[in-house]
Amino acid sequence: MRIGIDIDGVVSDSYPAWLEELNRHYGKNIKVIDDYAMHLVFDVPWDDMNNFFIANVERLFMMAEPVCGAKEGIETLLREGHELVYITARTPEEKDVTVRWLTLHGIPHEHVLFTGFKSKVDLVKQWGIEAFIEDYQVNAKMIAESGVPVFLLNTTYNQVDLSTGITRCQSWNEILEEIQRL
Ligand SMILES: [Mg+2]
């Protein structure tokens, strides 16, 4: 099967690392990210936070650790004969640092695609993706509505009722079990 995989919050445990950096930058002490839109969590304009990310992209992207079980899960999927395509909302300008991070952590990566904040559905269709692993419920909904089953890794910011075609998973192990069941 050809499986699409998101990066931030699925492979890279970006948000805990970013939370710390953003708390320092904005002089806040926020403990839990309860909204995927972090500028809303910090109550600052989107542009302002985006500029912070652009100015610090190297450090912010390289500092994150892999999500628990992600590397092993990816290796298992490859061993089982699946083809993997990373589809991230990061921008094409962030390709170099993204690929370096994957390499640094020994995470196999043949295809890495960048939407630059745009919908993932076009690439999902174009690449014939048959299942998708995601953490953002809005992306999950759009992908599921295009007919591709989505496995949503449970997070603090995706606690909403899920529509048809989306399965909430507590861990990478659960994702693997669900994919084997397809
Ligand atoms: Mg994500």
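Calculation criteria
Residues numbered from 1 in each chain as written. Predicted model: local features only at pLDDT ≥ 70, side-chain atom pairs only at ≥ 80, totals over all residues. Heavy atoms only, no water. Axes fitted to C-alpha atoms, helices over the stretch in contact; angles between N-to-C directions. Helix = DSSP H or I, 4+ residues; strand = E, 2+ residues; numbered from the N terminus. Parallel < 35°, antiparallel > 145°, perpendicular 65-115°, else oblique. Left-handed = near helix turned anticlockwise from the far one by under 90°. Contact = heavy atoms within 4.5 Å. Pairing = 2+ DSSP bridges. Disulfide = S-S within 2.5 Å. Buried < 20%, exposed > 50% of the residue type's maximum accessible area, 1.4 Å probe, protein only.

1. So, the packing of helix 1 (residues 14-26) against helix 3 (residues 46-55)
Look at helix 1 against helix 3: their axes get within 12 Å of each other, and the N-to-C directions meet at 115°. For the element pair helix 1 / helix 3, the angle class is roughly perpendicular. Like other packed secondary-structure pairs, helix 1 and helix 3 cross with a definite hand, here right-handed. Only Asp 48, Met 49, Phe 52 and Phe 53 of helix 3 make contact with helix 1, whose side of the interface consists of Trp 18, Glu 21, Leu 22, His 25 and Tyr 26.

2. Brief notes about the sheet that holds strand 4 (residues 131-134)
Strand pairing in a sheet is mediated by backbone hydrogen bonds. Such pairs are either parallel or antiparallel. With parallel pairing, the six strands of this open sheet are ordered in space as 3-2-1-4-5-6. Edge strands, defined here as strands with exactly one partner in the open sheet, are strand 3 (111-114) and strand 6 (166-169). Taking each pair of neighbouring strands and ignoring which way they run, the sheet shows an average axis angle of 25°. By the bridge criterion, four bridges tie strand 5 (residues 150-153) to strand 6 in an arrangement that is parallel. Counted as the bridge partner of Leu 152 is Arg 168 from strand 6. Of the strands in this sheet, strand 1 (2-5), strand 2 (83-88) and strand 4 touch helix 5 (residues 70-79), which is tilted by about 140° from strand 2.

3. Let's talk about the state of the cysteines
Taken as a whole, this structure holds zero disulfides when the rule is applied. Here Cys 68 is not cross-linked by a disulfide; its sulfur's nearest cysteine counterpart is in Cys 169, at 14 Å. Exposure remark for Cys 68: the relative accessible area of 72% places this residue in the exposed category. The class of Cys 169 is buried, set by a relative accessible area of 0%.

4. Concerning unusual backbone geometry
Positive phi, normally seen in glycine, also occurs at Asp 43, with a value near 55°. In this structure, Asp 43 sits in the loop between helix 2 (38-41) and helix 3.

5. Observations regarding the environment of Val 11
With respect to the secondary-structure elements, Val 11 resides in the loop between strand 1 and helix 1. Note: C-alpha distance between Val 11 and Glu 134 (123 residues apart in sequence) is 9.5 Å. Excluding its chain neighbours within four sequence positions, the residues that come into contact with Val 11 are Ile 5, Asp 6, Glu 65, Pro 66, Val 67, Ala 70, Ile 74, Tyr 86, Trp 101, Leu 102, Ile 107 and Trp 172.

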